[in-house]
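Coordinate analysis (summary)
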Amino acid sequence: MEIIVTTDYEEMSDRAAEIVIAEIRAKPNLVLGLATGSTPEGLYARLVKAHREQGLDFSRLTTFNLDEYVGLAPDHEQSYRYFMNRHLFDHINIRKDNTHLPDGLARDLGRYCRRYEQMIREAGGIDLQVLGIGRDGHLGFNEPGTSLASRTQLVALAPETIEDNSRFFRSKDQVPRFAITMGIQSILEARRCLLLASGASKATALKGCIEGPITSMLTASALQLHPNAVVIADEAAASKLERLDYYRWVQEARSEIAHRL
Ligand code: F6R
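Residues numbered from 1 in each chain as written. Predicted model: local features only at pLDDT ≥ 70, side-chain atom pairs only at ≥ 80, totals over all residues. Heavy atoms only, no water.

1. Looking at the sheet that holds strand 8 (residues 178-181)
Reading across from one edge, 4-8-7 is the order of the three strands in this open sheet, with antiparallel pairing throughout. A single partner strand is all that each edge strand has here, and the edge strands are strand 4 (67-69) and strand 7 (153-156). In this sheet, adjacent strand axes meet at a mean angle of 30° when their direction is disregarded. Looking at chain direction, strand 4 and strand 8 are connected through three bridges and run antiparallel. Counterpart to E68 in the pairing with strand 8 is I180. (Pairing = 2+ DSSP bridges. Helix = DSSP H or I, 4+ residues; strand = E, 2+ residues; numbered from the N terminus. Axes fitted to C-alpha atoms, helices over the stretch in contact; angles between N-to-C directions.)

2. Notes on the site of the ligand
Within the structure, the ligand sits among 14 residues, and T39, D67, H138, G140 and K202 are positioned closest to it. Side-chain polar atom of T39 to an oxygen atom of the ligand: 2.4 Å apart, as the coordinates give it. Here G140 contributes a backbone N or O atom positioned 2.8 Å from an oxygen atom of the ligand. When the free accessible area of the ligand is taken as 410 Å², the share hidden by the protein chains comes to 90%. Tallied by class, the residues present in the shell around the ligand amount to three nonpolar, eight polar and three charged. (Near = heavy atom within 4 Å. Polar contact = N/O pair within 3.5 Å; in protein donor to acceptor, adjacent residues only side chain to side chain. Areas by Shrake-Rupley, 256 points an atom, 1.4 Å probe, with all protein chains shown as cover. Nonpolar A, V, L, I, M, F, W, Y, C, P; charged D, E, K, R; others polar.)

3. Quick notes on the packing of helix 2 (residues 41-54) against helix 3 (residues 80-87)
Each pair of packed helices can be summarised by the angle the axes make with each other and by the distance between the axes. It is at 9 Å that the axes of helix 2 and helix 3 come closest, and there the two elements cross at 45°. It follows that helix 2 is oblique to helix 3 by the angle criterion. In contact with E41, Y44 and V48 of helix 2, helix 3 contributes F83, M84 and H87. For the contact of helix 2 with helix 3, a count of residues per class yields four nonpolar, one polar and one charged. (Parallel < 35°, antiparallel > 145°, perpendicular 65-115°, else oblique. Contact = heavy atoms within 4.5 Å.)

4. Let's talk about helix 2
For helix 2, spanning 14 residues, the distance from its first C-alpha to its last is 19 Å, which sits close to the expected 20 Å at 1.5 Å a residue. Those residues of helix 2 that are buried lie in contact with helix 1 (9-26), strand 2 (31-34), helix 3, strand 6 (128-131) and strand 9 (192-197). G55 sits one or two positions beyond helix 2 and adopts a positive phi of about 70°. (Expected span 1.5 Å × (residues − 1).)

Okay, structure coming up:
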């Protein structure tokens, strides 16, 4: 794992944008995996800016989002499709039919989940997967106890996640109880993973992800098995890492030989 510690959220978003923009420039038909939530909002704002000010071209990009609530229509203000349109897709030159989120209204959910996996495979697999981390260490909606071999599936949200996400709804009762999420195994198949973490509320989960044992009790820990995972965390999120000085030291060392990497 490459671990980059930044002073704050803004710098975390800058560094993440540099990575995503470089990948899009290197491969204009990139297959990009995306996440919703507060964490990647700064990254998406920077991608929109790069499109407007530098003409960053999204016309050949394909995207797949990690997850979607079951039962919310795409035009529901709290659906993840709505979020993606509002924060990114409506402001860049991507073809909407190249943007994919699980269909929370699908009738046969089991069959639909298999179809989503197939769509990813048909697109050639995900090149770069953007990830956030839940307070309980989840990736996507892969809550504690989910198999690390899981694939896209229907899941019941954990009470902590319902609580966390209720800030976006009028009341906790309105938060959907179910979601479709890419599984941990599906995420690990991305060629590169980019995990973003910001704020003290993520510090314990991030420590488990990077330094804890690999366990289904903290599904983000499975990233330790990924050969090309980058974590960008601000100081508050990184505050519980035991090897923080070492990660900083490695970053400095890397910058010395960056021209040869
Ligand atoms: C959202 C997702 C979730 C979030 C996580 C962190 O698509 O996959 O795993 O990344 O819950 O959410 P925020 O960024 O709101 O703290």
